[in-house]
Amino acid sequence: MTTTDTDAEAKALDAADPLRGFRDRFVGAESSLVYFDGNSLGRPPRASVDRLAAFVTDAWGGRLIRGWDESWMDLPFAIGDEIGRTAIGAASGQTVIGDSTTVLLYKLIRAAFDAQHAADPERVEIVVDRDNFPTDRYLVDGIARERGGSVRWIDVDLTAGVTAEALEAAVGPRTAVVVLSHVAYRSGFLADAPALTRIAHDAGALILWDLCHSAGSVPVEADAWEFDLAVGCTYKYLNGGPGSPAFAYVATRHQRALAQPIQGWMGSADVFAMGPDYRPADGMRRFLSGTPPIVGMLAMQDTLAMIADAGIDAIRVKSIALTEFAVRVADAELTPLGVSVASPRDSAWRGGHVTLSHPAMREVTARLWSGDVIPDYRDPGGLRIGLSPLSTSFGETLAGLRSVRDAVAALAR
Ligand SMILES: *Cc1c(COP(=O)(O)O)cnc(C)c1O
């Protein structure tokens, strides 16, 4: 494949892309900047510019505290249901927007551990892999110590993720909860969520899925795959903006049995009764703690509308085409420089990003950022190429990879 063939291919792929029109619905897409970090902080939707301004003027400025009764109190549940419907395959009443991902993970892992341990005192282990995202690992370690349990670590290949065999070997009668990422943050490995969920259940364990790198880019069927619990970010592929609050999913069958540890007034049965004791609300409200962060829930609504419009299956088709194209270009133009693909080569096992590995990638990243090409860096030597399906074009992908090629060539010289 010559480089001009590749240019023509990128053009043809963009021309044939049924989702190409979505790119213009994002702020900044018209510039020549290459954005490879939509898997870490999605671009702002253009519609959110007006939505945020109107919120300040009309809703906050005009309705003032009446806004709570009129719509804000319901917003965490309404948006949660919309995430359930458009992105994670969850029927209504099981998904809510809450705190940060970290805090929601803490609440749900601890609640699940306590419920399992109370039902069967032998169940003292939390199973997690050594390559899970740091916050997940740190929380599991802390919860195990706090509750008198222990951690069962799964070793994984850093260019892949947790397999069925690895999970089967780790779970058993001592397992309380399993905590796994659906798409691995480093390699982009896409776990076989339905199979791994069955393995956890066959061992009598509950499983919590971290959907941070899958919600909005990879189809998820939380109900059909019989998830127990899930948590996911909204500022990655859901473009909610820096620090926008996360969502939690709790299957209806578990909601009554789970008691989360941050017993705040917003999770109580009658919020404004201001009673002497905490009684948890029914349903998903019990997983809330304090006043919902409404301002942080504005932008994600515009992305959810785009996902509903495009359809998550079509988004996945484009995502696969983007990552396959990136792998082809890397093979043709970057492997001669000593760069290797540190992600699964089979798209069935890959989420929305591709990691390219080379010892100089830390310096390559700094050089690229100063030239308005923005991937990110993860040790050891991994350059993450995040390809957000609604906002990334094939032409942008090619231009960015050519800049990576030039930076590697310059720095490795
Ligand atoms: C991004 C990410 C997080 C982030 O947690 P925050 O509380 O939002 O900082 C957690 N887990 C995974 C797997 C992630 O990719």
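Conventions used here
Residues numbered from 1 in each chain as written. Predicted model: local features only at pLDDT ≥ 70, side-chain atom pairs only at ≥ 80, totals over all residues. Heavy atoms only, no water. Helix = DSSP H or I, 4+ residues; strand = E, 2+ residues; numbered from the N terminus. Rg over C-alpha atoms; globule rule 2.2 N^0.38 Å. Buried < 20%, exposed > 50% of the residue type's maximum accessible area, 1.4 Å probe, protein only. Contact = heavy atoms within 4.5 Å. Areas by Shrake-Rupley, 256 points an atom, 1.4 Å probe, with all protein chains shown as cover. Lys, Arg positive; Asp, Glu negative; His and termini not counted. Charge placed at Lys NZ, Arg CZ, Asp CG, Glu CD. Patch = residues over 30% accessible without salt bridge, like charges linked within 9 Å, V, L, I, M, F, W, Y side chains within 5 Å. Salt bridge = Lys/Arg side-chain N within 4 Å of Asp/Glu carboxyl O. Near = heavy atom within 4 Å. Polar contact = N/O pair within 3.5 Å; in protein donor to acceptor, adjacent residues only side chain to side chain. Nonpolar A, V, L, I, M, F, W, Y, C, P; charged D, E, K, R; others polar. Core = buried A, V, L, I, M, F, W, Y, C linked by side-chain atoms within 4.5 Å. Domains from an automatic or database assignment. Pairing = 2+ DSSP bridges. Axes fitted to C-alpha atoms, helices over the stretch in contact; angles between N-to-C directions. Parallel < 35°, antiparallel > 145°, perpendicular 65-115°, else oblique. Buried area = accessible area lost by both parts, 1.4 Å probe. Phe/Tyr/Trp six-rings, centres within 6.5 Å; stacked < 30°, edge-to-face > 60°. Lys NZ or Arg CZ within 6 Å of the ring centre and 35° of its normal.

A. Region of interest: the overall build of the protein. A tally of regular secondary structure across the protein gives 13 helices and 13 strands. On C-alpha atoms alone, the protein measures out to a radius of gyration of 22 Å, which is about the 22 Å that the 2.2 N^0.38 rule sets for 413 residues. Burial analysis of the protein (413 residues in total) assigns 56% to the buried set. Considering only intrachain contacts with a sequence separation of at least 6, the fraction spanning at least 24 residues in the protein is 71%. Surface exposure of the protein reaches about 16,500 Å², of which carbon and sulfur atoms provide 55%. One finds the centroid of the 39 positive side-chain charges in the protein at a distance of 3 Å from the centroid of its 52 negative side-chain charges.

B. Examining a nonpolar patch on the surface more closely. Side chains of Val56, Trp60, Leu64 and Ile65 sit close together on the surface and give an oily, nonpolar patch of about 450 Å² of accessible area. Topologically, Val56 is positioned in helix H2 (residues 46–63).

C. Main features of the site of the ligand. Surveying the vicinity of the ligand reveals 13 residues, the closest of which are Thr102, Asp210, His213, Tyr235 and Lys236. Take Thr102: an N or O atom from its side chain is 2.6 Å from an oxygen atom of the ligand. The contact in question runs from an oxygen atom of the ligand to an N or O atom on the side chain of Tyr235, over 2.6 Å. When isolated, the ligand has an accessible area of 390 Å², and the protein chains bury 86% of it. When residues of the shell around the ligand are traced back to their parent elements, those giving at least two are helix H5 (101–119) and helix H6 (134–146). Looking at the shell around the ligand, its residues break down into 4 nonpolar, 6 polar and 3 charged.

D. Inspection of the nonpolar core at higher detail. If you look at the biggest cluster of nonpolar residues, it comprises 55 residues, and the most contacted ones within it are Ile88, Leu167, Val178, Trp209, Phe227 and Leu390. For this core, the two domains that each supply at least three residues are domain 1 (3–45 + 311–412) and domain 2 (71–307). Those residues within four positions of Val178 in sequence are excluded, and the remaining contacts are Val127, Leu167, Val171, Ala200, Ala205, Leu206, Ile207 and Leu208. Counting 33 residues, the second largest nonpolar core, distinct from the first, contains Phe113, Leu206, Leu208 and Met284.

E. Structural view of the sheet that holds strand S10 (residues 353–357). Taking strand neighbours across the sheet as the criterion, the 4 strands line up as S9-S10-S13-S12 in an open arrangement whose pairing is antiparallel. The two strands at the open ends of the sheet, each matched to only one other strand, are strand S9 (340–341) and strand S12 (376–378).

F. Quick peek at the side chain of Asp37. Within the secondary structure layout, Asp37 lies in the loop between strand S1 (34–35) and H2. Setting aside residues no more than four positions away along its own chain, Asp37 makes contact with Trp369, Ile374, Pro375, Asp376, Arg384 and Gly386.

G. Just the packing of helix H1 (residues 3–16) against helix H11 (residues 312–334), in detail. Running from N to C, H1 and H11 cross one another at 175 degrees; their axes reach a closest spacing of 12 Å. What the angle tells us is that H1 and H11 run roughly antiparallel. Between H1 and H11, the residues in contact are Thr3, Thr6, Glu9, Ala10 and Leu13 and Phe325, Arg328, Val329 and Glu333, respectively. Here the residues of the contact of H1 with H11 are counted per class, giving 4 nonpolar, 2 polar and 3 charged.

H. Region of the structure containing the domain arrangement of the protein. Under the domain assignment used here, the protein contains domain 1 (3–45 + 311–412) and domain 2 (71–307). Counting from both sides, the interface comprises 34 residues of domain 1 and, opposite them, 28 residues of domain 2. Summed over both partners, the interface of domain 1 with domain 2 buries about 2,500 Å², with 62% contributed by carbon and sulfur atoms. The interface formed by domain 1 and domain 2 includes 0 salt bridges. Summed over the shared surface of domain 1 and domain 2, the number is 13 residue pairs in polar contact (both at pLDDT 80 or more). Looking at the side of domain 1 that touches domain 2, the elements with two or more residues in it are H11 and S10. No other element matches H11, which puts 5 residues into the side of domain 1 that touches domain 2.

I. Quick look at the packing of aromatic side chains. According to the stated counting rule, one finds 8 aromatic pairs in the structure shown. Aromatic side chains Phe55 and Trp72 sit 5.6 Å apart centroid to centroid with 45 degrees between the ring planes, which places their arrangement in the tilted category. Note that Phe55 is positioned in helix H2 and Trp72 in the loop between helix H3 (66–70) and helix H4 (75–88), a separation of 17 residues in sequence. Its relative accessible area of 11% is what places Phe55 among the buried residues. Centroid distance Phe133 to Tyr185: 5.2 Å. Interplanar angle 80 degrees. Geometry classified as edge-to-face. Residue Phe133 is located in the loop between strand S3 (125–129) and H6, and its partner Tyr185 is located in the loop between strand S5 (175–181) and helix H8 (193–202); the two are separated by 52 residues in the primary sequence. Under the relative-accessibility criterion, Phe133 is labelled partly exposed at 30%. Clustering of aromatic rings is evident, with ring pairs tying together Phe55, Trp68 and Trp72. Sitting over the ring of Phe133, Lys236 keeps its end group 5.3 Å from the ring centre.

J. Spotlight on the pairing of S10. Most of S10 is tucked away, with 5 of its 5 residues classed as buried. The side-chain alternation of S10 yields two buried faces, one formed by His353, Thr355 and Ser357 and the other by Val354 and Leu356. Looking at chain direction, S9 and S10 are connected through 2 bridges and run antiparallel. Within S10, the residue paired with Ser340 across the bridge is Ser357. Bridging between S10 and strand S13 (residues 382–386) involves 5 bridges; their strand directions are antiparallel. Bridging across to S13, Thr355 finds its partner in Arg384.

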